[in-house]
Amino acid sequence: RAAKKNGSDWVVYDEAKHSDEREQEILHELKKDIVEFTGFSLYYQPKINLKTRKIDSAEVLLRWENKQLGMVSPAEFIPIAEKYGLIQDLTKSIFFRACQQVKRWNQEHFPIQKLAVNLSATFFQLQNGNEMIKDILEQTEVNPKSINIELEVTETAIMENVNRAIEMLDDLRGIGLTIALDDFGTGLSSLTYLKNLPIDTLKIDKAFIEGIPGDEKDNGITELIVLISKKIGLEIVAEGIEILEQDQFLTSIGCDYGQGYFYSKPLSLEQLTERFGSSKQN
Ligand code: C2E
Ligand code: MG
Ligand code: MG
Ligand code: MG
């Protein structure tokens, strides 16, 4: 294809070529590493209960360090894993390890007793997605009615096929798992979804939290989302809290949970144990 010799076109051409090469490289390395979960590790980002000020739950965030590519962000490799059908194997490995971990914490009376796992955007397209989840719960002997496991799903994933998603979510909630709607506010958020979706928790996207407390619109929208959630019985989590003023604002409007660099970055198991190893919290 002919690339025109004017500045912006060259940039477009180069970027497209670069990103395609990069995608193929990542795909190639992913295929190798996924087999034995090589270079992957589960990180845990704490969530703080804004009423008790205790950190009692966390979210699993995947990290990948590849021999050739170094650290690759999940924001980059997860969409590629989804595009090429590799995400299911990855999700299996993550969910299996997350179940083992939360069960261990439960036995040890570790301060963190609830763990959230992200499901991929293509989860609801799977014929056997729920079977996969149930199989792993059985293998790890985790009963979600006594051990708290939350699944984080996005609106965009649900919107692809709302009826199918509702059916699958109903079934998962039926066995005791809870469901969080992640990144709320970034998709085509509609009140109809809040009315109809079988969910337990709403996570307000950090795009709204960012502007707090300076931006009156972000303040107002966030306050309203918190209010609606409480009115209809949803638990509400704010993500991306980075400064004290945001913590104070969200606490003052009655938000249930906060998550963000202000409290803690995602931590390795070692770091997490070092910080929360005893039943006391700092
Ligand atoms: P997410 O589930 O919405 O996770 C929140 C992202 O925001 C994480 O990025 C987290 O590190 C980051 N974050 C947390 N607190 C702050 C903050 O205060 N400020 C800022 N600027 N960022 C903050 P991360 O780990 O790079 O993950 C990005 C996305 O990749 C996740 O968004 C999720 O959609 C996906 N992802 C990560 N791990 C997994 C996984 O195990 N499975 C699947 N399917 N997706 C995953
Ligand atoms: Mg999430
Ligand atoms: Mg999120
Ligand atoms: Mg996000």
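Counting from 1, residues in each chain are numbered in the order their sequence is written. All chains are assigned letters beginning with A, and all ligands numbers beginning with 1, in the order in which they are written. Since the coordinates come from a predicted model, pLDDT governs what is reported: local features require at least 70, and pairs of side-chain atoms require 80 or more to be given and counted, while whole-chain, interface and lining totals use all residues. As a rule here, side-chain values cover all heavy atoms of the structure and leave hydrogens and water aside.

- As annotated in an unreviewed UniProt entry, the protein carries the name Bifunctional diguanylate cyclase/phosphodiesterase and comes from Halalkalibacter suaedae.

Overview of the packing of aromatic side chains
Line of reasoning, step 1. Note on aromatic contacts: the rings of Phe and Tyr and the six-membered ring of Trp form a pair at centre separations within 6.5 Å, being stacked when their planes are under 30 degrees apart, edge-to-face when over 60 apart, and tilted otherwise. For the coordinates displayed, the defined rule picks out 8 aromatic pairs.
Line of reasoning, step 2. Residues tryptophan 64 and phenylalanine 77 carry aromatic rings whose centres are separated by 5.3 Å and whose planes lie at 75 degrees to one another, so their mutual orientation is edge-to-face. With a gap of 13 residues between them, tryptophan 64 in strand S2 (residues 55–66) and phenylalanine 77 in helix H2 (residues 74–83) connect regions that are remote in the sequence.
Line of reasoning, step 3. Throughout, exposure labels follow a simple rule: accessible area from a 1.4 Å probe, protein chains only, divided by the maximum for the residue type, with under 20% read as buried, over 50% as exposed, and the rest as partly exposed. Of the residues examined, tryptophan 64 reaches a relative accessible area of 0% and is grouped as buried.
Line of reasoning, step 4. Each residue in the set Phe37, Phe40, Trp64 and Phe77 is aromatic and connected to the rest through ring pairs, giving one cluster.
Line of reasoning, step 5. Any Lys NZ or Arg CZ that is within 6 Å of a ring centre and within 35 degrees of that ring's normal is treated as a charge sitting over the ring. In this arrangement the basic side chain of arginine 63 is found over the ring face of tyrosine 43, its NZ or CZ atom lying 5.8 Å from the centre.
Line of reasoning, step 6. Here the basic side chain of lysine 265 rests over the ring of tyrosine 261, its NZ or CZ set 4.8 Å away from the ring centre. Numbering of helices and strands runs from the N terminus; a helix is a DSSP stretch of H or I covering at least four residues, while a strand is a stretch of E covering at least two.

Points about the site of ligand 1
Line of reasoning, step 1. Residues are classed as near a molecule or strand on a simple rule: at least one heavy atom within 4 Å of it. With respect to spatial proximity, 21 residues lie near ligand 1, and among them Arg63, Asn118, Lys206, Glu242 and Tyr261 are the closest.
Line of reasoning, step 2. Counted as a polar contact is a pair of N or O atoms within 3.5 Å, where, for protein atoms, one must be capable of donating a hydrogen and the other of accepting one, and residues adjacent in sequence contribute only when both atoms are in side chains. One of the side-chain N or O atoms of glutamine 45 is found 3.0 Å from a nitrogen atom in ligand 1.
Line of reasoning, step 3. Compared with its free state, where it exposes 800 Å², ligand 1 has 83% of that area covered by protein.
Line of reasoning, step 4. Of the grid points, spaced at 1 Å and generated over the protein atoms alone, those admitting a 1.4 Å probe that cannot get out make up cavities, while open sets with protein on both sides within 12 Å along at least five of seven lines make up pockets; any residue with an atom within 4 Å of a point is treated as lining. Should more than half of a molecule's atoms lie within 2 Å of a pocket's or cavity's grid points, that molecule is taken to sit in it. Here ligand 1 is seated within the largest pocket. Here the Shrake-Rupley method, with its probe set to 1.4 Å, supplies the accessible areas, and only the displayed protein chains count as covering residues.

Quick notes on the nonpolar core
Line of reasoning, step 1. If you look at the biggest cluster of nonpolar residues, it comprises 79 residues, and the most contacted ones within it are Leu30 and Leu90.
Line of reasoning, step 2. When residues in this core are grouped by element, the largest group, 8 residues, is from helix H3 (residues 87–108).
Line of reasoning, step 3. We call two residues in contact when some of their heavy atoms are within 4.5 Å. Residues within four places of leucine 90 in sequence aside, it is in contact with Ile34, Phe37, Phe40, Leu62, Phe77 and Ala81. Here, the term nonpolar core denotes a set of buried Ala, Val, Leu, Ile, Met, Phe, Trp, Tyr and Cys residues that are joined through side-chain atoms within 4.5 Å.

A word on the pairing of strand S6 (residues 178–184)
Line of reasoning, step 1. Here S6 lies mainly inside the structure; 5 of its 7 residues are buried.
Line of reasoning, step 2. Where strand S5 (residues 148–154) lies against S6, 5 bridges are found, and the strand directions are parallel. Across the sheet, the residue bridging to threonine 154 is aspartate 182, located in S6.
Line of reasoning, step 3. Bridging between S6 and strand S7 (residues 201–204) involves 3 bridges; their strand directions are parallel. Bridge pairing in S7 links leucine 181 to leucine 202.
Line of reasoning, step 4. For the segment spanning S6, helix H7 (residues 191–196) and S7, crossover handedness is right-handed. If DSSP finds at least two bridges between two strands, the strands pair. For crossovers, right-handed means that the path from the first strand over the helix to the second runs clockwise, given strands pointing away from the viewer.

Considerations on the pattern of salt bridges
Between side chains of opposite charge, a pair can form as their charged atoms come close.
Line of reasoning, step 1. Salt bridge criterion: a side-chain nitrogen from Lys or Arg within 4 Å of a carboxyl oxygen from Asp or Glu. According to the stated counting rule, one finds 16 salt bridges in the structure shown.
Line of reasoning, step 2. We note a salt bridge from glutamate 59 to lysine 203, for which the minimum N-O separation is 2.9 Å. In this pair, glutamate 59 is assigned in strand S2 and lysine 203 in strand S7, connecting sequence segments 144 residues apart.
Line of reasoning, step 3. Its relative accessible area of 5% is what places glutamate 59 among the buried residues.
Line of reasoning, step 4. On the basis of relative accessible area, lysine 203 is assigned to the buried category, the value being 0%.
Line of reasoning, step 5. One salt bridge connects glutamate 150 with lysine 114, and the closest N-O pair in it is separated by 3.5 Å. Taken together, the residues span a long stretch of sequence, with glutamate 150 in strand S5 and lysine 114 in strand S4 (residues 114–118) at a distance of 36 residues. Lysine 114 shares its class with glutamate 150; the two are buried.
Line of reasoning, step 6. Because the salt bridges share partners, they merge into one network encompassing Lys47, Glu59, Glu152, Lys203 and Glu239.

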